[in-house]
Amino acid sequence: MSVIRTAVTGVGAYLPEQIVTNADLAKIVETSDEWIQERTGIKERRRAAPGQCTSDLAVEAAREALAKAGKTPADVDLVIVATTTPDLTFPATAAIVQRKLGVPVCPAFDVQAVCSGFVYALTVADGFVARGHARCALVIGAETMTRLLDYADRGTCVLFGDGAGAFVLEPVEGQGTTADRGMLGFALRADGQKQDLLYMDGGPSSTGTVGHLRMVGAQVFRHAVVNIAEAVEAAAAQAGISVPDVDWFVPHQANQRILQGVAHRLGLDENKVISTVALHANTSAASIPLAFAEGIADGRIKPGQLLLLEAMGGGFTWGACVLRL
Ligand code: UT7
């Protein structure tokens, strides 16, 4: 049976120039390179330059993704930005990106699911593309997380970085089988009861401020390892595959120990895990497309391969996506 699938036809990434090492952070908060590497796997992270906004990072990643897909901004008919660090409360960062890229009038909006934002945004975009409402969708994960950090809190300020990654999505014809190119299965989850474990302590309608990121790290860690596995299995079941069949596991990059813990729980070979946490740290909604782009650039991820994406973040939110490139 012929079906329309949503295929990834271009991937782009952008990291700001400034590198912040663990040693740099040890000068401002009581920590050490040794502790950070041992507990998280992080060696360094990028920080956006003063005046460089989330939309600026997003535009760079989007330009690369469009070039890889052989498309121009004039071809784009949907822009979704997954971000927790919008340039402004409104308009949506997606509309700012649309303006900066010169994309014609089309739907443009943000998705806010924190670190799970990219998986959520892919699901939303699939709804447009697979139903014929978009022929060239730009889905971007972009963050300036370093702007949300309390640099007196060593439990959080060492964990995050800035960056952006983008996918171009286009409709392709499939046969309704697991051999099809494109998105094959999703599972999205949220549990608002866990808000107090990971949140911002400010916002437009509560404090009138941006606030700072707050996290009870150890509890978030536990939840991440246990609950992601269930969503991954559900996405795999919807796709009609079994998890060990995937060629590459491209998880949200929060902590190397979480990546390993989830891979182990899923029975996935550690050699199938794309990890960028050492050099990017946690870039929230940007981490999956950044890791995906790196896997393509270094030749590990190839057309035709089966990819498993997953993420977990504030809300709590979490989810997974299975696709064939
Ligand atoms: O993307 C959104 C989801 N976020 C995550 O997935 C993050 C999940 N959590 C984690 O990655 C880990 O829990 C952390 C890396 C945040 C912390 O690692 P942990 O092994 O869970 O450490 P902990 O929070 O239990 O803290 C252990 C000790 C504490 O000291 P005491 O109370 O045992 O004396 C902390 O104060 O480590 C201390 N500590 C630090 N020490 C040096 C916490 N942060 C630091 C630091 N440098 N930066």
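The rules behind each value
Residues numbered from 1 in each chain as written. Predicted model: local features only at pLDDT ≥ 70, side-chain atom pairs only at ≥ 80, totals over all residues. Heavy atoms only, no water. 1 Å grid on protein atoms, 1.4 Å probe; cavity = no way out; pocket = protein on both sides within 12 Å on 5 of 7 lines; lining within 4 Å. Points joined across faces, edges and corners; volume = space filled by probe spheres on them. Helix = DSSP H or I, 4+ residues; strand = E, 2+ residues; numbered from the N terminus. Nonpolar A, V, L, I, M, F, W, Y, C, P; charged D, E, K, R; others polar. Domains from an automatic or database assignment. Salt bridge = Lys/Arg side-chain N within 4 Å of Asp/Glu carboxyl O. Buried < 20%, exposed > 50% of the residue type's maximum accessible area, 1.4 Å probe, protein only. Contact = heavy atoms within 4.5 Å. Buried area = accessible area lost by both parts, 1.4 Å probe. Expected span 1.5 Å × (residues − 1). Phe/Tyr/Trp six-rings, centres within 6.5 Å; stacked < 30°, edge-to-face > 60°.

1. Re the layout of surface pockets
Where empty space is left can be seen by rolling a probe of water-molecule size over the atoms. When its volume is computed, the largest pocket comes out at roughly 910 Å³. If you go around the largest pocket, you meet 36 residues; those closest to its centre are Thr84, Thr85, Pro86, Gln112 and Met200. If you add up the space inside the second largest pocket, you get close to 440 Å³. As for the second largest pocket, its lining consists of 25 residues, and the residues nearest its centre are Leu159, Met215, Gly217, Phe221 and Asn255. For the lining of the second largest pocket, the elements supplying multiple residues, two or more each, are helix 2 (33-40), helix 7 (217-239), helix 8 (256-266) and strand 12 (306-313). Among the elements that take part in the lining of the second largest pocket, helix 7 stands out by supplying six residues, more than any other. Grouping the constituent residues of the lining of the second largest pocket by class yields 15 nonpolar, seven polar and three charged. The residues that make up the lining of the second largest pocket include at least three from each of domain 1 (3-174) and domain 2 (182-324).

2. A few points about the pattern of salt bridges
In the structure shown here, the tally under the stated rule is 10 salt bridges. With its nearest N and O atoms 3.4 Å apart, the salt bridge here joins glutamate 170 to lysine 71. Placement of glutamate 170 in strand 7 (residues 162-174) and of lysine 71 in the loop between helix 3 (54-69) and strand 4 (78-82) is noted, with a sequence separation of 99 residues between them. Residue classification places lysine 71 among the partly exposed residues on the basis of a relative accessible area of 26%. Between glutamate 230 and arginine 189 there is a salt bridge, and its shortest N-O distance comes to 3.0 Å. Residue glutamate 230 is found in helix 7, and its partner arginine 189 is found in strand 8 (residues 182-190); the two are separated by 41 residues along the sequence.

3. What to know about empty space enclosed by the protein
According to the stated counting rule, one finds one cavity of 30 Å³ or more in the structure shown. Of the pockets and cavities examined, the largest cavity occupies roughly 40 Å³. Contributing to the lining of the largest cavity are Val20, Leu25, Arg45, Arg47, Thr146, Leu149, Tyr151, Cys157 and Phe160. Residue composition of the lining of the largest cavity, grouped by class: six nonpolar, one polar and two charged.

4. Topic: the domain arrangement of the chain
Taken as a whole, the chain is organised into domain 1 (3-174) and domain 2 (182-324). With 52 residues of domain 1 at the interface, the matching set in domain 2 holds 48 residues. Interface area for domain 1 against domain 2, summed over the two sides, is near 3800 Å², with a carbon-plus-sulfur share of 69%. Among the residues domain 1 hides against domain 2, the three largest losses belong to Cys115, Val119 and Tyr120. Together they make up 16% of the total. In this assembly, domain 1 and domain 2 are joined by one salt bridge. Among the salt bridges present, the one from arginine 214 reaches aspartate 150, with a minimum N-O distance of 2.9 Å.

5. Considerations on helix 5 (residues 117-130)
Between its first and last C-alpha, helix 5 extends 20 Å over 14 residues, near the 20 Å set by a 1.5 Å rise per residue. What helix 5 keeps buried is the set Gly117, Phe118, Val119, Tyr120, Ala121, Leu122, Ala125, Asp126 and Val129. Phi for glycine 132, located one or two positions after helix 5, is positive at around 80 degrees.

6. What to know about the packing of aromatic side chains
Given two aromatic rings, their pairing is described by the distance between the two centres and the angle made by the two planes. Counting across every chain of the model gives three aromatic pairs. Here the aromatic rings of phenylalanine 118 and phenylalanine 167 are separated by 4.9 Å at their centres, their planes lie at 90 degrees, and the arrangement is edge-to-face. A residue pair is termed long-range when its members are at least 10 positions apart, and phenylalanine 118 in helix 5 and phenylalanine 167 in strand 7 qualify at 49 residues. Phenylalanine 167 shares its class with phenylalanine 118; the two are buried. Plain terms: the ring middles of phenylalanine 167 and phenylalanine 292 are 4.8 Å apart, the flat faces sit at 65 degrees to each other, and that makes the pair edge-to-face.

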